[in-house]
Amino acid sequence: MLYLEHLQEGKMEKLTKEGVDVCYGCGKTQEYGTMKAINEIDFDIYCDDCFKKAINKRLEYLRGEIKNECISYGEIAELQGLKEHIEEGDVELLQWAGVPEFSEEMECLECGKKFVAGEDGNELGLCEHCASVVYDCEKYYKDYDNGRVTFKGTDTISRGILEPYRL
Ligand SMILES: [Zn+2]
Ligand SMILES: [Zn+2]
């Protein structure tokens, strides 16, 4: 944490020194405070052109993570934060970003209740209730992010991967 703070302070100093924003992508300068950062984790800021390119690159990276079944919970949250930048017809990313009109209604694999993934249930096929009362999904996702367990979408339960997390 301390290291990150130092890093950010150092970067901020450099960027604000001359009272201008410097694009991290192309080096172009612009009036201070007019460029955008992609996230709050680092302070890389971009001009409009490079911002669009950087977002698209990030979205393609996240799509790869989905395809390889290795997207982390943190990355899903990141995708949700970027949902306004996802192309209109990009159903795959919109679904994962939890945009309601692109999220299919699912039936809870445990109790049969209907829910929308990312809203009142999760991508494992569990409604909100079953994800916290029947299974300890919070612990599962923590282990998943630490590489201790795999993710197989709605097959996670039928493959028995979630069994150790049954409460
Ligand atoms: Zn630029
Ligand atoms: Zn349920």
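Since the model is a prediction, treat every value here as computed from it, not as a measurement.

Caption draft 1: Summary view of the overall build of the protein. Tallying secondary structure elements over the protein gives 7 helices and 6 strands in all. Listed N to C, the secondary structure of the protein is α-β-β-β-β-α-α-α-β-β-α-α-α in terms of helices and strands. Burial status across the protein gives 22% buried among its 167 residues. Of the contacts formed within the protein by residues at least 6 apart in sequence, a portion of 31% connects residues at least 24 apart.

Caption draft 2: View of helix α6 (residues 137-145). Among all positions of α6, only Cys137, Tyr140 and Tyr141 are buried. Angular distribution of buried residues about the axis of α6 spans 95°; they occupy a single face of the element. Against the buried residues of α6 lie α3 (73-81) and α5 (128-134). Of the residues one or two after α6, Gly147 is the one with positive phi, at around 75°.

Caption draft 3: Fine view of the confidence of the model for the protein. The predicted model of the protein has a mean per-residue pLDDT of 85, with 87% of residues at 70 or higher. The least confident element of the protein, judged by mean pLDDT, is helix α1 (residues 2-16) at 49; the most confident is α5 at 96.

Caption draft 4: Fine view of unusual backbone geometry. In this structure, Glu69 takes a positive phi of about 55° despite not being glycine. Relative to the helices and strands, Glu69 is located in the loop between α2 (48-67) and α3. Judged by C-beta crowding, with 11 C-beta atoms within 10 Å, Glu69 ranks as exposed.

Caption draft 5: A look at α2. Across its 20 residues, α2 extends 29 Å between first and last C-alpha, which sits within 8% of the 28 Å expected from 1.5 Å per residue. Just beyond α2, the residue with positive phi is Glu69, at close to 55°.

Caption draft 6: A look at the nonpolar core. Counting 13 residues, the largest nonpolar core has Leu126, Cys127, Cys130, Ala131, Tyr135 and Cys137 as the members making the most contacts within it. Elements represented by at least two residues in this core include exactly α5 and α6. Excluding residues within four positions of it along the chain, Cys137 makes contact with Asn122, Leu124, Leu126, Ala131, Ser132 and Tyr165. Ranked by size, the runner-up nonpolar core spans 9 residues in total, among them Leu62, Ile71, Ile76 and Trp96.

Caption draft 7: Representation of the environment of Gly125 in the model. One can find Gly125 in the loop between β6 (114-116) and α5. Look at Gly125 and you get buried, because 22 C-beta atoms sit within 10 Å. Placed 10 residues apart in sequence, Gly125 and Phe115 show a C-alpha to C-alpha distance of 8.8 Å. Apart from the residues within four sequence positions on either side, Gly125 is in contact with Met106, Cys108, Leu109, Thr154 and Ile157.

Analysis parameters
Residues numbered from 1 in each chain as written. Chains lettered and ligands numbered in written order. Predicted model: local features only at pLDDT ≥ 70, side-chain atom pairs only at ≥ 80, totals over all residues. Helix = DSSP H or I, 4+ residues; strand = E, 2+ residues; numbered from the N terminus. Buried ≥ 20, exposed ≤ 12 C-beta atoms within 10 Å, placed from the backbone. Contact = placed C-beta atoms within 7 Å. Arc of directions from axis to C-beta. pLDDT = per-residue confidence, 0-100. Expected span 1.5 Å × (residues − 1). Core = buried A, V, L, I, M, F, W, Y, C linked by C-beta atoms within 7 Å.

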